[in-house]
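Listed below are the residues making up each chain.
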Amino acid sequence: MRVPGRGLLNAAQQVRFNFDGVAYDGLAGDSLASALLANGVRLMGRSFKYHRPRGVVTAGSDEPNALVTVGRGAAQRPNARAPMVELFEGLEAVSQNRWPSLAVDAMQVNDLVSPFLSAGFYYKTFMWPRAFWEKLYEPVIRRAAGLGALSGVAAADESDKVFGFCDLLVIGGGPAGLMAALVAGRAGADVILADERDRMGGRLLDEKEGVGGMAGHAWVAGVLDELDSLPNLRRLVRCTVTGAYDGGTYGAVQRGAPGVAHETFWRIAARRAVLCAGALERGIAFPGNDRPGVMMAGAVRGYLHRYGVAAGRSVAVFANNDHAHCTARDMAAAGLRVACVIDTRPEAPASTGDWPVYTEGAVTGTSGRLGLRSISLRHAGGQRDVFVDTLAVSGGWNPAVHLTCHMGARPVWRDDIAAFVPPEAAVPGLRVAGAAAGVFTTHGALSTGVRAAHDALDDLGISATPADLPEAEDAACCITAFWQVPGKGRAWLDLQNDVTTKDVALAARENFRSVEHMKRYTTQGMATDQGKGSNVTALAVLADATGRSIAATGTTTFRPPYTPVAIATLGAGGSGVGFAPQRFTTSHAASIAMGAPMVEAGLWYRPGYFPRRGETTWRQSCDREVAMVRGAVGVTDVSTLGKIDIQGPDAAAFLDFVYTNRFSTLPPGRVRYGLMLREDGHVMDDGTSACLSPGHYLMTTTTAGAAAVIKHLDFVAQVLRSDLNLRFTSVTEHWAQFAIAGPKARHLLNTLLDDPIDNATFPFMACGAVTLAGVKGRLFRISFSGEHAYEIAVPARHGAALFRLLVAQAETLGGGAYGMEALNVLRLEKGHITHAEIDGRSTAGDIGMARMLAPQKDCIGKVMAARPGLSDPARPRLVGLRPLDPTAPVSAGAHLFAPGAAAVREYDEGYVTSVGWSATLNSNLCLAFLTRGADRIGEQVRLVDALRGHDTLCSVTDPVAHDPKGERLRG
Amino acid sequence: MRLTCPLCGARDLREFSYTGAAVLCDRPAPDAGADVWDSYLHLRDNPAGVTRDLWYHGAGCCAWLVVERDTVSHAVLSVVLG
Amino acid sequence: MRYNALRLLKEGLTGNRGWVPVWRDPVPQAAYDIVIIGGGGHGLATAWYLAREHGITNVAVLERGYLGGGNIGRNTTIVRANYFLPGNAEFYSHSLKLWEGLEADLNYNVMHSQRGLINLFHSDGQRDAFVRRGNAMIAQGDDAVLLDRDGVRRHLPYLDFDNPRFPVYGGLLHPRGGTARHDAVAWGYARAADRRGVDLIQQCEVTGIDVQGGRVTGVQTTRGAIRAKKVAIVTAGRSGQVAALAGLRLPIESHVLQAFVTEGLKPVIDHVVSFGMGHFYISQSDKGGLVFGGDLDFYASYAQRGNLPMMEHVMEAAMTLMPVIGHANVLRSWGGIMDMTPDGSPIIDRTDIDGLYLDCGWCYGGFKAVPASGFALAHLLATDRPHETAARFRLDRFRTGAGLMDEEGTGAQHNLH
């Protein structure tokens, strides 16, 4: 219920919201949890396994129970923690993991059979009958699993990612963080201060403590004013630092204002950082400790002081430490009934009001199915039952050490404060201050925050003036470790996953004694809170059960993210075409205008074919384009092939080293085909290199291989052969390049070139500078199609115009543009390889190019290509295949078998790499690798594609099916 | 993770690509024999500790770099041109 | 104690106090016939098959931490037999058959779920490569179905078919592929091996391997010296370190592979789905979390954790392939240590030292291999002959170039597989 005059919210700013179909009013600045509590709503969720009624336990991001789904459709977000959901007008939230309703959940029947559902039960059953696991047991389990549901509608990609840089990253805006930021900010350092809440101030907003003679929140407001006046300091609210990574890199998620779905994922490179993330309160395991109304004492105070909300009408306190007693004082001051304080220790602070303080006390049971009604307790003086609707529990505080352990270090147990503290220097550049370091007083937080900032500034060589410390409480931490109350009834550890102390004892009994085994076997710590509320208590219970100390038992590992982060945020920008760059050629627009469907070729887009009127299938267009190239002339864009400009006195020697064949013998004005191996002796790429003038070469690569080749060339030039004098650079995007292929190719060119060419001036494999209408270009007489062909290159800014011109001219000659489909058939007819053949596992010998390894010179891959396994004559060898029935189906990926052999692995003799219908030869054609293929020309093999049901008898042929002597290339 | 390229300064990990151990810099002579080549290409000390790696600043200056790095802590000890 | 529903009932009715330890804590003996270094999936499976198939029980498994604390406890739980090169094809096929009988064999529910695995492809060339693979699977006697785009849509209607950067052309469906609960596999093999008398020794790190006259004689450990006739190194991720104790250099580079799990959600993904144009594959566990991962971070590492660039790439791939999971929250990330080899395929072989055996080089594919690897290594240890399903996993294949199994086609660069 709302307590007038308490809290930091403005009572005039009402906000209407909806929970499970019921409308409520809250205040601006409320969380969903505080607003529900203000409206007397305590039942907020159901636990995972037993579907027990649950209420909110915390006031922060470590909430294990009150998980809700917010929003609908594309905006639907499951598993939101009610204390972290900021209220906005029209907010719609529903509870999860219950049917038909939160108050009446059919699945609570699980609770009745809980003895049979103890930890690890599913490993011991569901095995028989065998088929039942997948048909029955598993589907039922899967439907019962999970808490929230996704909407099934694509999440909008409305978040983004940024990089941030700073001298000092301050993580947490409580007293420690504010002082650290103040010191560093005043010193002129570039500071980022981030806090996961909507307001900075940390526990100063949740407690009644004063600082510097004024209320905590007033002091905070003054500090924030000063921080916001500093131009060198960025203050990020609603920003959780989620992970510490190498090199001073931190990940952080910044949420939007209430109701705004947009989130920002930060990658922050911080020269230094200070972790001021505070501490998270832990409970005590006692029978019945999971009813709505049993809450962390610090959360009860937080709801009162920050939100002005009393968690209930009557409260008892159960604690093992001095500090929790102020819960009674604060609740009484707000006009609520305090029933008693139960302290586990033999000695405890005296009561400050009209309630008793019991010593040697323990809560032994609770009642109230949908909400706490009463507790049973024992103490030094006896036993009693007490009617309360709220039990504020405190078993101590766990410093939020997580980020310090993201690099694999483990925290260190301190008996004196009964807490794990960060290991020393575990993350380079990261210091810790305040409660996160196990310093639990306000004065301690302020002073360690100052100290950490000074030390960081010293590292950075930035001088700072000492800051005045405002006065603040400095009470010693008085705590005696207390973990569980033995007795009848289940005592809960992991509230969400329904793990009890009995489960941990069972794990120990079955010899799952390591804390990792216990966690995985019981699933303690594997819920959405990653065990923030249960890890330490559970390992203490395990330590007890296995007769070890807490330090010897140890913790499990800490991993990013500190709190869960949406995939859409971590992957912002990745949906749709944002996932990878799109690369377009200069002829792209013209191709689209001509109706060509564009095909992805790596990151590029290339036209598949150019349909003409009357053509309804791709095959019709492809067959026509092939005939057009072989009979007249075709034009296609080949700009996507890699082009590398290589210059220098040793350029030729360099080419000799990276190619298997010689280029030092290539005269200026000539082009040569080259084969490039990896150092392991397999083919990496192929292409042509042209000698434009002495010491000046232009290398081409395949489209797919371009990036790998230039990286490789850089390695050779910089590392392996730094003795060579040369320079090179990629010019792939500088030049638009088009293939002109067909009997009328030269005719077409001569209509455009300023100076016409003939066979004498420009024979097959010649190259040189040319001009077209005054534009300087390069011409290469090379052919992938097997026809009389050229490639013309012009600076890219002229590409679009040249393509249109070439196509128009070609059409007047009975030709036109052709695309990737036709290109593939043309090269297939000529037995020319692509990466379908050189797939990374083939050698020069496999593709029939062993002779391209020039004998007297070393080159990359030469030695390893000579390994016995790579030169074995029984290796599969490139051949052509032609089906005996020309139209019988063939497919790439089909496997090859001898005609009488069974189509099983033992008799597998090869596979088909490429296929196509050859209009030129009126037959389906294939390229394939066949064991000992070179010796089997003329034999028959069975082509079997079991996936498609093809079983076709083929003749083994030479790979070159069309114009084997290459006569059409010359002249 | 950040590497300090000698030419470009400190840059984020995503600008670089890793190839392998820096032993790849010492290419054997063609007649060094099968054992030497097998070791060069395949066998690795693979230490859990300080190693020397080959990295490529592909999204930057395209320099090949030899990086001294700890494979357990990921601490970068030195970065020089290859 | 046999596990079954009746036992659950009986124990539940009596306060669950009757459950017995899943394994003993034996004191290490001074000598064993066989010492297996590494108490992960492969090591524990080897121990059980030695006992079950060969009647050899004078065996110790030495684990430096807690059983199953390595990669077996850190993977994305995928079980499949969709490799295509000779050597791999028969091995994983055998493994899948062993998986299918595993629960009955071990009397432990490893939750093996053959929900179907789909490899998506996004170009004609990729399709052709998957056709080659699918036909290899069928020739091996396993199952594969070629799906066109509509076929993929029927199985996976939630993918982004409307606006993707790399449209789905189709997919290769492996109906018998699926997932299993990783911890349960380790615990199941451990319990079964322990029941047959194998000693499982935890908190026992091997600090030396004793070799005399070219023959192994035993090991030195943090719990004392142990003599052995045969020693097997089965320590994925740390194979190089342990082999170095015997003076061996391996063709292995250790790398980190990151993986991720989301909070539990009601069922949304029924298959194992693999993206063809980015490093991303995903399934949903029986507890509701989406389990997914991508590729290596690519730099050598023993840190068991990765950095942001690969993590972000994986998340971006998720958003381009299936933005319906955008509001699933990533709960946890982790990493393992991968034994990367120059062809991406494993090693189960003897070494030049008599009595010293290797089972390593599993790259990031070791989980599905657990049964067949244990089976094959047990066979090798027992008979000194390789089992026919693993005969090609030779250590010397890199030196000779004979029998390389380079499924990715990326060549002799360890981190490209």
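Residues numbered from 1 in each chain as written. Chains lettered and ligands numbered in written order. Predicted model: local features only at pLDDT ≥ 70, side-chain atom pairs only at ≥ 80, totals over all residues. Heavy atoms only, no water.

Trainee: Would you mind showing me how to read the overall build of chain A here?
Mentor: Counting secondary structure elements, chain A contains 21 helices and 50 strands. Taken over the C-alpha trace, chain A has a radius of gyration of 38 Å; the compact-globule value for 971 residues is 30 Å, which it surpasses by more than 25%. Dimensions of chain A, computed from C-alpha atoms along their principal axes, come out at roughly 115 × 75 × 55 Å. Residues counted as buried form 62% of the 971 residues belonging to chain A. A sequence separation of at least 24 residues applies to 66% of the contacts in chain A between residues at least 6 apart. As displayed, chain A has an accessible area near 34400 Å², and 54% of this comes from carbon and sulfur atoms. Counting 96 positive and 94 negative side-chain charges, chain A places the averaged centre of each group 3 Å from the other. (Helix = DSSP H or I, 4+ residues; strand = E, 2+ residues; numbered from the N terminus. Rg over C-alpha atoms; globule rule 2.2 N^0.38 Å. Buried < 20%, exposed > 50% of the residue type's maximum accessible area, 1.4 Å probe, protein only. Contact = heavy atoms within 4.5 Å. Areas by Shrake-Rupley, 256 points an atom, 1.4 Å probe, with all protein chains shown as cover. Lys, Arg positive; Asp, Glu negative; His and termini not counted. Charge placed at Lys NZ, Arg CZ, Asp CG, Glu CD.)

Trainee: Would you mind showing me how to read the sheet that holds strand 16 (residues 329–340) of chain C here?
Mentor: The strands making up a sheet associate through hydrogen bonds between their backbones, and the pairing can be parallel or antiparallel. Across the sheet, which stays open at both edges, the nine strands sit in the order 31(A)-16(C)-12(C)-15(C)-14(C)-13(C)-4(C)-6(C)-5(C) with mixed pairing between neighbours. Edge positions in the sheet fall to strand 31 (565–566) of chain A together with strand 5 (145–148) of chain C, since each has one partner strand and no second. (Pairing = 2+ DSSP bridges.)

Trainee: How should the interface of chain C and chain B be read in this particular structure?
Mentor: The accessible area lost on association of the parts is a frequent measure of interface size. If you look at the interface, chain C gives 26 residues, while chain B gives 26 residues. Each partner contributes to the roughly 2300 Å² buried at the junction of chain C and chain B, and carbon and sulfur atoms together form 49% of this total. Counting every contact that joins chain C to chain B gives four salt bridges. Here chain C and chain B share 17 residue pairs in polar contact (both at pLDDT 80 or more) between them. Secondary-structure elements contributing two or more residues to the side of chain C that touches chain B are strand 12 (253–262), strand 15 (290–300), helix 9 (308–321) and helix 11 (397–400) of chain C. For the side of chain C that touches chain B, the class distribution of residues is 13 nonpolar, eight polar and five charged. (Buried area = accessible area lost by both parts, 1.4 Å probe. Salt bridge = Lys/Arg side-chain N within 4 Å of Asp/Glu carboxyl O. Polar contact = N/O pair within 3.5 Å; in protein donor to acceptor, adjacent residues only side chain to side chain. Nonpolar A, V, L, I, M, F, W, Y, C, P; charged D, E, K, R; others polar.)

Trainee: Help me out: how do you make sense of the packing of aromatic side chains in this one?
Mentor: Each aromatic ring pair is characterised by the separation of its centres together with the angle its planes make. As enumerated under the stated definition, the model contains 47 aromatic pairs over all chains in all. Ring centres of A:Tyr50 and A:Trp492 lie 6.1 Å apart, and the angle between their planes is 70 degrees; on these two criteria the pair is classed as edge-to-face. Of the two residues, A:Tyr50 is situated in the loop between strand 3 (45–46) and strand 4 (53–54) and A:Trp492 in strand 29 (residues 492–494); the sequence distance between them amounts to 442 residues. Using a relative accessible area of 4% as the deciding quantity, one classes A:Tyr50 as buried. The class for A:Trp492 is buried, based on a relative accessible area of 3%. Both rings, one in A:Tyr521 and one in C:Trp187, keep their centres 5.9 Å apart while their planes meet at 70 degrees; by these two values the pair is edge-to-face. Taken together, the residues A:Tyr521 in helix 10 (residues 515–522) and C:Trp187 in helix 7 (residues 182–195) connect one chain to another. Grouping residues by exposure puts A:Tyr521 and C:Trp187 together as buried. The cationic tip of A:Lys124 hangs over the ring face of C:Trp19; the distance from NZ or CZ to the ring centre is 3.6 Å. In this arrangement the basic side chain of A:Arg721 is found over the ring face of A:Phe657, its NZ or CZ atom lying 5.0 Å from the centre. (Phe/Tyr/Trp six-rings, centres within 6.5 Å; stacked < 30°, edge-to-face > 60°. Lys NZ or Arg CZ within 6 Å of the ring centre and 35° of its normal.)

Trainee: How do you make sense of the sheet that holds strand 19 (residues 337–343) of chain A when you look at a structure like this?
Mentor: Residue and element names in this part refer to chain A. A sheet is described by the order of its strands in space; here five strands give the open sequence 17-24-18-19-20, paired in parallel fashion. Each edge of the open sheet is held by one strand with a lone partner, namely strand 17 (294–296) and strand 20 (357–358). Those strands touched by helix 6 (residues 297–307) are strand 17 and strand 24 (390–394), and its axis lies near 85 degrees from that of strand 17. Of the strands in this sheet, strand 18 (314–319), strand 19 and strand 24 are in contact with helix 7 (residues 326–333), which crosses strand 19 at around 175 degrees. (Axes fitted to C-alpha atoms, helices over the stretch in contact; angles between N-to-C directions.)

Trainee: What am I meant to see in empty space enclosed by the protein here?
Mentor: Left-over empty space is what a probe sized like a water molecule reveals as it rolls over the atoms. All names here are of chain A. Here the structure, examined in full by the defined rule, presents 11 cavities of 30 Å³ or more. What the largest cavity holds in volume is close to 330 Å³. Together, 23 residues line the largest cavity, and His 402, Gln 530, Gly 531, Asn 535 and Phe 558 are the ones closest to its centre. Those elements that place two or more of their residues in the lining of the largest cavity are strand 25 (396–399) and helix 11 (535–546). (1 Å grid on protein atoms, 1.4 Å probe; cavity = no way out; pocket = protein on both sides within 12 Å on 5 of 7 lines; lining within 4 Å. Points joined across faces, edges and corners; volume = space filled by probe spheres on them.)

Trainee: Please explain the interface of chain C and chain A as it appears in this structure.
Mentor: Listed by partner, the interface residues are 122 residues for chain C and 114 residues for chain A. Here chain C and chain A share an interface that buries about 9700 Å² over both sides, 55% of which is from carbon and sulfur atoms. In this structure, the connection of chain C to chain A is made through 10 salt bridges. For A:Arg520, the salt bridge identified is with C:Asp183, shortest N-O distance 2.9 Å. Summed over the shared surface of chain C and chain A, the number is 70 residue pairs in polar contact (both at pLDDT 80 or more).

Trainee: Could you clarify how one ought to interpret the nonpolar core in this entry?
Mentor: Within soluble globular proteins, side chains that are nonpolar tend to cluster in buried spots. In terms of nonpolar packing, the biggest core is built from 151 residues, with A:Leu32, A:Tyr303 and C:Tyr189 touching the most fellow members. Here A:Leu32 is in contact with A:Phe17, A:Val68, A:Ala82, A:Val85, A:Leu87, A:Leu91 and A:Ala93, once residues within four sequence places are set aside. C:Phe280, C:Ile282, C:Val314 and C:Val324 belong to the second-largest nonpolar core, a separate cluster that totals 44 residues. (Core = buried A, V, L, I, M, F, W, Y, C linked by side-chain atoms within 4.5 Å.)

Trainee: I tried to follow a nonpolar patch on the surface on my own but got confused; where do I start?
Mentor: A contiguous nonpolar surface patch, about 270 Å² in accessible area, is contributed by A:Val109, A:Leu112 and A:Val113. For A:Val109, the location among the structural elements is in helix 2 (residues 109–112). (Patch = residues over 30% accessible without salt bridge, like charges linked within 9 Å, V, L, I, M, F, W, Y side chains within 5 Å.)

Trainee: What am I meant to see in helix 5 (residues 124–139) of chain C here?
Mentor: Between its first and last C-alpha, helix 5 of chain C extends 22 Å over 16 residues, near the 22 Å set by a 1.5 Å rise per residue. Next to the buried residues of helix 5 of chain C lie strand 46 (895–897), strand 47 (910–918) and strand 49 (940–945) of chain A together with strand 4 (117–121), strand 5 and strand 6 (170–174) of chain C. One or two positions beyond helix 5 of chain C, positive phi appears at C:Gly141, with a value near 100 degrees. (Expected span 1.5 Å × (residues − 1).)

Trainee: Sorry, what's going on with the domain arrangement of chain C here?
Mentor: All names here are of chain C. Along its sequence, chain C is carved into domain 1 (28–113 + 178–251 + 343–417) and domain 2 (114–177 + 254–340). A separation of 26 Å is found between the C-alpha centroids of domain 1 and domain 2. Contacts between the two partners involve 38 residues from domain 1 and, on the opposite side, 35 residues from domain 2. Interface of domain 1 and domain 2: buried area, both sides summed, is about 3200 Å²; carbon and sulfur atoms make up 52% of it. Linking domain 1 with domain 2 are two salt bridges. Between Arg 133 and Glu 407 there is a salt bridge; the shortest N-O distance is 3.4 Å. Taken together, domain 1 and domain 2 are joined by 17 residue pairs in polar contact (both at pLDDT 80 or more). Elements that contribute at least two residues to the side of domain 1 that touches domain 2 include exactly strand 3 (78–79), helix 3 (88–100), strand 7 (178–179) and helix 8 (239–244). Considering each element in turn, the side of domain 1 that touches domain 2 owes the most residues, six residues, to helix 3. Partitioned by chemical class, the residues of the side of domain 1 that touches domain 2 number 15 nonpolar, 16 polar and seven charged. (Domains from an automatic or database assignment.)

Trainee: Would you mind going over the environment of B:Asp53 with me for this structure?
Mentor: Residue and element names in this part refer to chain B. Structurally, Asp 53 can be placed in strand 4 (residues 50–56). Distance from Asp 53 to Tyr 18, taken between C-alpha atoms, is 7.5 Å for residues 35 residues apart in sequence. Apart from residues no more than four positions distant in its own chain, Asp 53 is found in contact with Tyr 18, Gly 20, Ala 21, Ala 22, Leu 65, Val 66, Val 67 and Arg 69. One polar contact links Asp 53 to Trp 55, side chain to side chain, over a distance of 3.2 Å.

Trainee: Sorry, what's going on with the environment of C:Tyr66 here?
Mentor: The topology assignment puts C:Tyr66 in the loop between strand 2 (59–62) and strand 3. Expressed as a C-alpha distance, the spacing of C:Tyr66 and C:Tyr108, which sit 42 residues apart in the sequence, is 19 Å. Setting aside anything within four residues of it in sequence, one finds C:Tyr66 in contact with A:Ser514, A:Glu516, A:His517, A:Arg520, C:Gln202 and C:Gln203.

Trainee: Would you mind going over the side chain of C:His417 with me for this structure?
Mentor: Residues and elements named next belong to chain C. Mapped onto the fold, His 417 is located in the segment after helix 11. Its relative accessible area of 3% is what places His 417 among the buried residues. A polar contact is formed between the side chain of His 417 and the side chain of Thr 410, at a distance of 3.3 Å. Excluding residues that lie within four positions of it along the chain, His 417 makes contacts with Asp 295, Met 340, Thr 341, Pro 342, Asp 343, Gly 344, Tyr 364, Asp 406, Glu 408, Thr 410 and Gly 411.

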